[in-house]
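Next come the chains, spelled out residue by residue.
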Amino acid sequence: MAAVRVLRSWSQNAGRLICVRYFQTCMNVHVLKPKYVCFFGYPSFKYSHPHQLLKTTADSEEDVVETPAVSHDEHTHQEIKGQKTLATPAVRRLAMENNIKLSEVVGSGKDGRILKEDILNYLEKQTGAILPPSPKAEIVPPPPKPKDRTIPIPISKPPVFIGKDKTEPIKGFHKAMVKTMSAALKIPHFGYCDEVDLTELVKLREELKPIAFARGIKLTFMPFFLKAASLGLLQFPILNASVDENCQNVTYKASHNIGIAMDTEQGLIVPNVKNVQICSIFEIATELNRLQKLGSAGQLSTTDLTGGTFTLSNIGSIGGTYAKAVILPPEVAIGALGSVKALPRFNQEGEVYKAQIMNVSWSADHRIIDGATMSRFSNLWKSYLENPAFMLLDLK
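The rules behind these values
Residues numbered from 1 in each chain as written. Predicted model: local features only at pLDDT ≥ 70, side-chain atom pairs only at ≥ 80, totals over all residues. Heavy atoms only, no water. Helix = DSSP H or I, 4+ residues; strand = E, 2+ residues; numbered from the N terminus. Buried < 20%, exposed > 50% of the residue type's maximum accessible area, 1.4 Å probe, protein only. Contact = heavy atoms within 4.5 Å. Areas by Shrake-Rupley, 256 points an atom, 1.4 Å probe, with all protein chains shown as cover. Salt bridge = Lys/Arg side-chain N within 4 Å of Asp/Glu carboxyl O. Core = buried A, V, L, I, M, F, W, Y, C linked by side-chain atoms within 4.5 Å. Expected span 1.5 Å × (residues − 1). Axes fitted to C-alpha atoms, helices over the stretch in contact; angles between N-to-C directions. Parallel < 35°, antiparallel > 145°, perpendicular 65-115°, else oblique. Left-handed = near helix turned anticlockwise from the far one by under 90°. Phe/Tyr/Trp six-rings, centres within 6.5 Å; stacked < 30°, edge-to-face > 60°. Lys NZ or Arg CZ within 6 Å of the ring centre and 35° of its normal.

Q: Would you mind going over the overall build of the protein with me for this structure?
A: Regarding its fold elements, the protein presents 10 helices and 13 strands. Taking all 396 residues of the protein together, 34% fall into the buried category. In the protein, once contacts between residues fewer than 6 apart in sequence are set aside, the share between residues at least 24 apart is 57%. When the accessible surface of the protein is totalled, it reaches about 26,200 Å², and 56% of it is carbon and sulfur.

Right, dumping it as structure tokens:
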């Protein structure tokens, strides 16, 4: 009688699971398929009988798992001194194909895992084989540089400037400006700036332009500016005054002869509109048209250029927002008007609207005019322009 004890364990060899049975028997053992083997923990046995079931004298066993024959040496690839060798199936196959025992290879991977490089390095040491080079990007040599060519340097002569300085006497309007500006440097100036919302005035002008054009007159903003300034000068006559050379006496002018700075081919000229305080806006526009035509033609008379009491300079017609205007003696104040620009502003309800904004820069003689007076005059002038209907209440 014989007792059979069957224990099953799983072992991994080159990526395949093999069921191994250990048999302990006292009787005859019949063999399996040809060229197959059973592992007993002893040297393996090979048989050449045809397929038969494994039998003992006692009982029949279950179906037998047949495995390819593996040598004892190959079995040592799976375990080294009772410890499992760490290697991937691909590494084990590479070792098997080159008849390398994994037990003889020192793994360089984590926890002693044997890597492909370890097998290749081992093979190189044993056989002197050259390892296949790792794939690398093909290095494309730079294109050959063209042969150095000698670039001829052009021989150029330094430019010869044949112009000559020219000296000419200062005369005409330029001579008068030299005299006036030299006297203006003796006046202590102070400046005051503000912005004016001309949105309502722009609308009014658009309504009146066709009427003025029908009368043969070009209606600009300047007649409104001059009339508003005249109404303000009635409230602040000190701005329409003059002071003597020694600053001992102040003369208040009855007439509002408001000058307009013009840029002409002859230079800067300042003709003035006489008695603005008694002129309508249409009459002021008519006079401005006449002065503009004469100024462009260089035909302004002495009467047109003298007797001014207050001045406005429309720098915005050329371009600009702010300016530091210079007072024309014997006057004591001047205003520079910037260009009209569409800008966002808030109304009384806090809503944003498109506003037509113009900046004004005032200069005044600080010897007889203080900042508060200039500010009050500017605010009154500004109110007339922002609310053109207000001017109707003060027109005479």
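Q: Any chance you could explain the pattern of salt bridges here in plain terms?
A: Any two side chains of opposite charge can pair, on the condition that their charged atoms come close. On inspection of all chains with the given rule, the structure shows seven salt bridges. Between E200 and K203 there is a salt bridge; the shortest N-O distance is 3.9 Å. One end of the pair, E200, and the other, K203, are both in helix α5 (residues 199–214), three residues apart, so they sit about a helical turn from each other. Take K203: its relative accessible area is 47%, and that puts it in the partly exposed class. For D365, the salt bridge is made with R367, and the minimal N-O distance between the two is 2.8 Å. Assessed through its relative accessible area of 35%, R367 is described here as partly exposed. Residues joined in a network through salt bridges with shared partners are E287, R290 and D304.

Q: Any chance you could explain the environment of A254 here in plain terms?
A: Mapped onto the elements, A254 comes out in the loop between β7 (250–252) and β8 (258–264). Look at A254 and you get exposed, because its relative accessible area is 69%. For the pair A254 and P237, spaced 17 residues apart in sequence, the C-alpha separation works out to 8.7 Å.

Q: Help me out: how do you make sense of the nonpolar core in this one?
A: Note that soluble globular proteins tend to have their nonpolar side chains buried in a common cluster. Formed by 49 residues in total, the largest nonpolar core has its most connected members in F225, L226, L239, F310, L312, W381 and L385. Per-element tally for this core: the top contributor is helix α6 (residues 222–235), with eight residues. Other than its neighbours up to four places away in sequence, L312 contacts M222, F225, L226, I258, G259, I260, A261, G335 and W362. Judged by nonpolar contacts, the second largest core, of 10 residues, contains A87, V91, A95 and I119.

Q: In this structure, what is going on with helix α7 (residues 281–297)? I would like to understand it.
A: An α-helical segment advances 3.6 residues per turn. Residues three or four places apart therefore align on the same side. With 17 residues, α7 ought to run about 24 Å at 1.5 Å a step, and its terminal C-alpha atoms sit 25 Å apart, in line with that. Residues of α7 that are buried: I281, I284, A285, L288, N289, L291 and G295. Looking at the buried positions of α7, the neighbouring elements they touch are α6, β8, β9 (267–269), β10 (272–273), α8 (302–305) and α10 (390–394). Within two residues after α7, G298 carries a phi angle of roughly 70°, on the positive side.

Q: I tried to follow the packing of α6 against helix α9 (residues 371–386) on my own but got confused; where do I start?
A: Two measures define how a pair of helices packs: the angle their axes make with one another and the distance between the axes. Close contact between α6 and α9 brings their axes to 9 Å; oriented N to C, the two are set at 140°. One element, α6, and the other, α9, form an angle in the oblique class. The element α6 and its partner α9 pack so that their crossing is right-handed. Across the interface between the two elements, F224, F225, A228, A229, L231, G232, L233 and Q235 from α6 touch F377, L380, W381, Y384 and L385 from α9.

Q: Just to check I follow, could you spell out the packing of α6 against α7 for this structure?
A: Two elements in contact, α6 and α7, have axes separated by 9 Å at closest approach and are oriented at 120°. Between α6 and α7, the crossing angle belongs to the class labelled oblique. Relative to α7, the crossing made by α6 is right-handed. Within the contact between the two elements, α6 uses M222, P223, F224, L226 and K227 and α7 uses I281, I284, A285 and L288.

Q: Would you mind showing me how to read the packing of aromatic side chains here?
A: For any pair of aromatic rings, the description rests on two quantities: the centre-to-centre distance and the angle between the ring planes. What the rule picks out here adds up to seven aromatic pairs. Between the aromatic rings of F236 and F377, the centroid separation amounts to 6.4 Å while the plane-to-plane angle is 90°, which identifies the pairing as edge-to-face. Here F236, found in the loop between α6 and β6 (241–243), pairs with F377, found in helix α9; they are 141 residues apart in sequence, far enough to count as distant. Ring geometry for W362 and W381: centres 5.2 Å apart, planes at 85°, overall edge-to-face. Remark: W381 occurs in helix α9 and W362 occurs in strand β13 (residues 352–365); sequence separation between them is 19 residues. Per residue, the accessibility class of W362 equals that of W381, and both read buried. In this structure an aromatic cluster arises from ring pairing among F221, F225, F236, F310, W362, F377 and W381. For R205, the ring lying beneath its charged end belongs to F221, and the centroid distance is 4.5 Å. For R215, the ring lying beneath its charged end belongs to F282, and the centroid distance is 4.5 Å.

Q: How should unusual backbone geometry be read in this particular structure?
A: Negative phi is the rule for most residues except glycine; trans is the rule for most peptide bonds. That bond from P329 to P330 is cis: its omega, 5°, falls within 30 degrees of zero. In this fold, P330 is placed in the loop between β11 (310–313) and β12 (333–346). Positive phi outside glycine occurs at N99, with the angle close to 55°. Its place among the elements puts N99 in the loop between α2 (89–97) and α3 (116–127). On the accessibility criterion, N99 (71% relative accessible area) is exposed. For N275, which is not glycine, the phi torsion reads 55° and is therefore positive.

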